[in-house]
Amino acid sequence: MLVLFETPAGFALFKVLNEGKLSKVEDLWKEFSTSDSARQVVKLKAFSKFENTSEALSAATLLIDSKPSKGLRKFLRAHCEGETLAVADSKLGNAIKEKLQIECVHNTAVMELMRGVRSQLTELISGLAVQDLAPMSLGLSHSLSRYKLKFSPDKVDTMIIQAIGLLDDLDKELNTYAMRVREWYGWHFPELAKIVQDNILYAKTVKLMGDRANAVNLDFSEMLPEEVETELKEAAVISMGTEVNDLDLMNIKELCDQVLSLSEYRAQLYDYLKSRMNTIAPNLTALVGELVGARLIAHGGSLLNLAKQPGSTVQILGAEKALFRALKTKHSTPKYGLIFHASLIGQAAPKLKGKISRSLAAKAALAIRYDALGEGEDNSIGLESRAKLEARLRNLEGRELGRAAGSTKGKPKIEIYDKDRKKGAGGLITAAKTYNPSADVVLGGTSEHMADKSVIEEEIKETEQPSRREKEKKKKKKKADVGEVDLQNGQGSVQVEVEETERKEKKKKKKKKKDEAESADMEIGDGNIDLKVEEKKKKKKRKHAEGEAEADETELKKKDKRKKKKKTDDDDE
């Protein structure tokens, strides 16, 4: 039986001299208590040394996956013909058996034998000292741990996180310093703030000019265009600012130096961040840009943590407040977070931003995983994904244009023209008034005139019908009152007088109606008075007639009362 043992220096094959001792597993450790006793149990048969660290690393990584390397296979073919092989990993033994047809053994006795060999390794292998074995094992363990964790000094994302944080802080500081310069120097030359809009150019101009009186004699051609320079010089002559002494100007110039130095450092930091992003996450940089990619990594904590997130999380990363507020209030969730600042989403129309952000987040998640866990260092996946997203964006925009233009897929609705309908609204404009021929006034004698006359008479009758009904009700009430009086007095003279008054009233009303009809005919024939005026007059006449009727009724009542009083007086006498 042979024993395969892996060391940091190479592979060793030991020949088991006394296999009977393997049956006593509990006492096997006693055989390896000393080097002499260990040599009686096992003996070194062959040793395959690693040429360099990379070979040792590749062999060790394959052994972790239970796979034999090329050097190990050659070594076993040369020395293990017709022998059974004791291995420390059962999966490795199965792989060796399949590929090399060598019988492999793995049990508790073999594991105990491996422990004994490991304890006396330097004594059993000649030429392998303890001081040489320790650094070899340490170096191999470090390289192996780096490989397992995919760790590389070029892929340290901590630098990116710190750089993007410092870049944001520098932007805030630059903005506050530049606004302070504008406010401070604005007391002396307030017109300069509108002439020079850029903060860095403003600081350079203030540093070069100092007092505004020097502007006429200075040359600003290196910093400003000709038009701005001439405007600046003209404004300096007629400026409304206050005078400033030399000490104030010196402090303002020192602040300008701070602004300029910060801007230079920011540009340098941006270049550094750009180079690090292209090294660590080239595919993510190709998709969303350096700044957005760095902010995503910083928000996720690290590139590896970001690689564990799905595309839906990458899409809304940075919009956590809005997401939880929407979930709490049961409103629509946000469509994008930090990824909104990517150039692809900025190119899209407002209606398409949600679709493009979803597609971009999915592609970005794949790119992040390739950058974090892949072995390649090129940005081919990022460039391909960007090309696909741009094509999708053009396709979506083409569909929208097709719908607007009326393509075969989306034809516009042909609406029936309606002159009374407002544009862009569902409501109708006030309908046009229809022509009323009865309102025309025609000079007398014609058939049209007679038709108009009949129409007017019908309208008069309709207006007179309710007044007639009211009068009949009043008459009935009068008769009832008169009947009660007759019953009380027992005399018929009062009835006679009431009947005579009613006849007189009827005659008066008939005469009034005739007069009204004749006046209406005259007005129609002449054609000078409007119908509305006629109706008003008729109403007035009716009111006047009703007033006269009421006056007559009051007179009758008074007469009745007087007669009653006279009768009562006669009876008393």
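Right above here is the structure, for reference.
Rules of the game
- Residues numbered from 1 in each chain as written.
- Predicted model: local features only at pLDDT ≥ 70, side-chain atom pairs only at ≥ 80, totals over all residues.
- Heavy atoms only, no water.
- Helix = DSSP H or I, 4+ residues; strand = E, 2+ residues; numbered from the N terminus.
- Buried < 20%, exposed > 50% of the residue type's maximum accessible area, 1.4 Å probe, protein only.
- Contact = heavy atoms within 4.5 Å.
- Areas by Shrake-Rupley, 256 points an atom, 1.4 Å probe, with all protein chains shown as cover.
- Salt bridge = Lys/Arg side-chain N within 4 Å of Asp/Glu carboxyl O.
- Axes fitted to C-alpha atoms, helices over the stretch in contact; angles between N-to-C directions.
- Parallel < 35°, antiparallel > 145°, perpendicular 65-115°, else oblique.
- Left-handed = near helix turned anticlockwise from the far one by under 90°.
- Nonpolar A, V, L, I, M, F, W, Y, C, P; charged D, E, K, R; others polar.
- Patch = residues over 30% accessible without salt bridge, like charges linked within 9 Å, V, L, I, M, F, W, Y side chains within 5 Å.
- Lys, Arg positive; Asp, Glu negative; His and termini not counted.
- Charge placed at Lys NZ, Arg CZ, Asp CG, Glu CD.
- Expected span 1.5 Å × (residues − 1).
- Pairing = 2+ DSSP bridges.

Participant: Teacher, can you tell me more about the overall build of the protein chain here?
Facilitator: Of regular secondary structure, the protein chain possesses 23 helices and 5 strands. A buried classification covers 33% of the 573 residues belonging to the protein chain. Intrachain contacts of the protein chain at a sequence separation of at least 6 include 64% that bridge at least 24 residues. Accessible surface computed for the protein chain: about 37,200 Å², of which carbon and sulfur atoms make up 53%.

Participant: What should I look at first to understand the pattern of salt bridges in this one?
Facilitator: For side chains bearing opposite charge, pairing can occur when the charged atoms are close. The final tally for this structure, using the stated rule, is 12 salt bridges. A salt bridge links Arg39 to Glu123, with the shortest nitrogen-to-oxygen separation between them at 3.7 Å. Separated by 84 residues along the polypeptide, Arg39 in helix 1 (residues 35–41) and Glu123 in helix 6 (residues 121–124) bring together distant segments of the chain. Residue class for Glu123 comes out partly exposed when judged on its relative accessible area of 41%. Here Lys233 ties to Glu229 by a salt bridge, and the two come within 3.3 Å at their closest N and O atoms.

Participant: Whenever I open this one, the packing of helix 8 (residues 158–185) against helix 12 (residues 246–280) confuses me. Can you help?
Facilitator: When two helices pack together, their arrangement is given by the angle between their axes and by how far apart the axes lie. As a packed pair, helix 8 and helix 12 sit with axes 9 Å apart at the nearest point and diverge in direction by 155°. Considering the angle they form, helix 8 stands roughly antiparallel to helix 12. Our pair here, helix 8 against helix 12, has a crossing hand that is left-handed. Within the contact of helix 8 with helix 12, the residues separate by chemical class into 26 nonpolar, 3 polar and 4 charged.

Participant: Honestly, a negative patch on the surface in this entry has me stumped. Any pointers?
Facilitator: Taken together, the side chains of Glu226, Glu227, Glu231 and Glu234 define an acidic patch exposed on the protein surface. Here Glu231 is to be found in helix 11 (residues 226–237). Exposure remark for Glu231: the relative accessible area of 42% places this residue in the partly exposed category.

Participant: How should I be thinking about helix 8 in this particular structure?
Facilitator: Note on helix geometry: an α-helix contains 3.6 residues per turn, so any two residues three or four positions apart are oriented the same way. Helix length check: helix 8 (28 residues) gives 40 Å between terminal C-alpha atoms against 40 Å at 1.5 Å per residue, within 8%. Among the residues of helix 8, Ile160, Ala163, Ile164, Leu167, Leu170, Leu174, Ala178, Val181, Arg182 and Tyr185 are the ones counted as buried.

Participant: Sorry if this is basic, but what is going on with the sheet that holds strand 1 (residues 2–6) here?
Facilitator: Hydrogen bonds between backbone atoms are what pair the strands of a sheet, whose relative direction is either parallel or antiparallel. With mixed pairing, 5 strands are arranged side by side in an open sheet as 3-2-1-4-5. Looking at strand neighbours, the two that pair on one side only are strand 3 (42–49) and strand 5 (104–105), the edges of this open sheet. Relative to strand 5, strand 4 (residues 85–86) runs parallel, the two being bridged by 2 bridges. Looking at the pairing, Ala86 lines up with Val105 of strand 5.

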